Amino acid sequence: MTTLIKDGTVVTATDMTRADVLIDGERIQAIGTGFGDADNVIDAAGRYVMPGGIDVHTHMELPFGGTFASDDFATGTAAAAWGGTTTIVDFAVQDYGHSLSEGLDNWLEKACPKSHIDFGLHLIVREISEPVLREMDVMIERGVPSFKLFMAYPGVFMLDDASIFRAMSRTADNGGLIMMHAENGGAIDVLVKRYLAEGKTAPVNHGLTRPSSMEGEATHRAIALAELAGVPVYIVHLSSRDALNAVREGRDRGVSAYAETCPQYLYLSLDDLARPGFEGAKFVCSPPLRPADHQAELWRGLVTDDLQVVSTDHCPFDYKDQKILGKDDFSAIPNGLPGVEDRYTLLWDGGVAAGHISPMRFVELIATAPARMFGLNPRKGTLAPGADADIVVFNPDTPRTLSAASQHMRVDYSCYEGREVRGCPEVVMQRGNVLVSDGQFHGQPGAGRFLERSRFGPGPGSG
Ligand SMILES: [Zn+2]
């Protein structure tokens, strides 16, 4: 079966041109003009035709603080598709005392029958030992070449510097990539206990006990350890100028330091955490939202390529019966925000329409760079002959109001309630199959495939 997307403006990370896209089966066959007829024709006049989004940081069904993230792989990937994202890379978790393989198998079991869209997995490594180090090689053979380590959450996820350095040294041999949650968990833990002892229990204290200097410190330390091991490192959910400065400084002296930021750090701030009553709990995530003056620097980082990726860290918890666990203790509020559905339009509206970045840079941040860094190219992340037909037909003029009432994520609030945006993914396609069109969802649980990813490859322009 062939599909022709006609008369749109085709955008890739390097080009923007008026052209038609011809799809044969699951792949793009050609981009150009004069293709004649096809089985299906999609009129894209006045629209942008762009790669499906790749969100390399999601947590469907993540167990956290005695509860689970409210989106499972069915609801979360449907919401992703509604928002223009056709591939996620989620995080499998190693349980204490268990192998990496068991963690991976657990997540495959959860995701395979449910996922509407293609997905890969990273592994969260909680314990480093000789067997675990050897198993990292096995994970890479199984298509999981990236490992997330934590410098925060003592007793839950945190690793010491020796363990981090041993894991990094292993990736020097096996070609894996270490992804780092960079916050100084030890110092933060002392502050948290002190604040609670002083009776400071409101949500805003979550932000005040995790100062940006402690993200900057950990980011600097992670990069120094990677430099010592002679490997690249990827800082996840970078939120502050302190951390960005550490990345910049590392890159300026030639270290392969990379980082992502997330929409919440570009659009929300400590003021949201400080909303009256308990409402700030809706905005509790780690690293926390920062004072608003950090935002302009993050935008600058996206422009200068000191930040290479925008992902979401999608990890939703219902306000009414999950965030409420921390009613009298901010440290018991489950950490995480919904976002997988909003990223594409938010970054277009606040990034391209607002004049911070070009449409080409948008595509690079949202699809092409994540595909390249996480071993999904050349099949994913761009529009080119032979690539998977993962395509978004995007209308940049459609006004919308973001709201819990209209979103598809399974969570009872929106961080962006009432925010007016322009832009709508009108048609969303995966491997030639239409997932969203005319405001209808056509996807199927289990239709998404597990993607075995290849090793890290920064590619040109990212060194
Ligand atoms: Zn995360």
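The coordinates are above.
Remember, it's a predicted structure, so these values are computed and weren't measured experimentally.

1. Comments concerning the overall build of the chain
Within the chain, the regular secondary structure consists of 13 helices and 19 strands. Relative to the 2.2 N^0.38 estimate, which gives 23 Å for 463 residues, the radius of gyration of the chain is 21 Å and therefore close to what a compact globule would have. Each principal axis of the C-alpha atoms in the chain carries an extent, and together these give about 70 × 50 × 40 Å. Looking at the chain as a whole, 62% of its 463 residues qualify as buried.

2. Observations concerning the coordination of the zinc ion
For the zinc ion, the full set of protein donor atoms is H57 (NE2), H59 (NE2) and D313 (OD), at a range of 2.0 to 2.3 Å. Donor residues for the zinc ion sit on one chain with the sequence pattern H-x1-H-x253-D. Here the residue H59 occupies a position in the loop between β6 (53-58) and β7 (63-64), and D313 occupies one in the loop between β15 (309-310) and α12 (343-353), the gap between them amounting to 254 residues. With a relative accessible area of 10%, D313 lands in the buried category.

3. A closer look at the sheet that holds strand β10 (residues 118-124)
Spatially, 8 strands are ordered β6-β9-β10-β11-β12-β13-β14-β15 in an open sheet, and the strand pairing comes out parallel. Two strands in the sheet have a free side with no partner beyond their single neighbour: β6 and β15. Note that strand β11 (residues 146-150) and strand β12 (residues 177-181) share 5 bridges and pair parallel. Opposite F150, over in β12, you have H181 as the bridge partner. Against the sheet, helix α7 (residues 212-229) engages β12, β13 (233-235) and β14 (257-261), with an angle of about 170 degrees to β13.

4. Some words on the packing of aromatic side chains
All told, the structure shown has 16 aromatic pairs when counted by the stated rule. Between F150 and F157, the ring centres sit 4.4 Å apart and the planes meet at 15 degrees, which makes this aromatic pair stacked. F157 matches F150 in its accessibility class, with the two residues each being buried. With centroids separated by 5.1 Å and ring planes inclined at 85 degrees, the aromatic side chains of Y344 and F362 adopt a geometry described as edge-to-face. One end of the pair, Y344, is in helix α12; the other, F362, is in helix α13 (residues 359-373), with 18 residues separating them in the sequence. Both residues of the pair, Y344 and F362, count as buried. Through a chain of ring-to-ring contacts, the aromatic side chains of Y48, Y344, W348, F362 and F394 assemble into a single cluster. Above the ring of F91, the side-chain terminus of K148 is found at 4.5 Å from the ring centroid.

5. Regarding the pairing of strand β5 (residues 48-51)
Where strand β1 (residues 2-11) meets β5, 2 bridges bridge the pair, whose relative direction is parallel. Bridged to T9 within β5 is Y48. With 4 bridges connecting them, β5 and strand β16 (residues 391-401) associate as antiparallel partners. From the neighbouring strand, M50 faces β16, where its bridge partner is V392.

6. Some words on the pattern of salt bridges
Under the definition given, this model contains 36 salt bridges. We note a salt bridge from D388 to R27, for which the minimum N-O separation is 3.3 Å. Taken as a pair, D388 in the loop between α13 and β16 and R27 in strand β3 (residues 27-32) lie far apart in primary sequence, 361 residues in all. Judged by relative accessible area, which is 37%, R27 ranks as partly exposed.

7. Observations concerning the environment of L383
With respect to the helices and strands, the residue L383 is situated in the loop between α13 and β16. Distance in space between the C-alpha atoms of L383 and P51 is 5.9 Å, their sequence separation being 332 residues. Those residues in contact with L383 that lie beyond four places of it in its chain are V10, V11, T12, I28, I31, V49, M50, P51, D390 and I391.

8. Points about the environment of G339
Mapped onto the secondary structure, G339 falls in the loop between β15 and α12. We classify G339 as buried; its relative accessible area is 8%. Remark: the alpha-carbon pair of G339 and H314, spanning 25 residues in sequence, is separated by 5.1 Å. If near-sequence neighbours (up to four positions away) are discounted, G339 is found in contact with T312, H314 and M409.

9. Notes on the pairing of strand β2 (residues 16-24)
Bridge analysis of β1 against β2 gives 8 bridges, and the strand direction is antiparallel. The partner of T9 across the bridge, within β2, is R18. Hairpin remark: β1 followed by β2, antiparallel, with 4 residues in the connecting loop. In the sheet, β2 pairs with β3 via 5 bridges, with the strands oriented antiparallel. Its bridge partner being in β3, D24 is matched across the sheet by R27. Hairpin connection from β2 to β3: 2 residues lie between these consecutive antiparallel strands, with G25 at a positive phi of about 65 degrees.

Conventions and cut-offs
- Residues numbered from 1 in each chain as written.
- Predicted model: local features only at pLDDT ≥ 70, side-chain atom pairs only at ≥ 80, totals over all residues.
- Heavy atoms only, no water.
- Helix = DSSP H or I, 4+ residues; strand = E, 2+ residues; numbered from the N terminus.
- Rg over C-alpha atoms; globule rule 2.2 N^0.38 Å.
- Buried < 20%, exposed > 50% of the residue type's maximum accessible area, 1.4 Å probe, protein only.
- Donors = N, O, S within 2.8 Å, 3.2 Å for Na, K, Ca; no water.
- Pairing = 2+ DSSP bridges.
- Contact = heavy atoms within 4.5 Å.
- Axes fitted to C-alpha atoms, helices over the stretch in contact; angles between N-to-C directions.
- Phe/Tyr/Trp six-rings, centres within 6.5 Å; stacked < 30°, edge-to-face > 60°.
- Lys NZ or Arg CZ within 6 Å of the ring centre and 35° of its normal.
- Salt bridge = Lys/Arg side-chain N within 4 Å of Asp/Glu carboxyl O.

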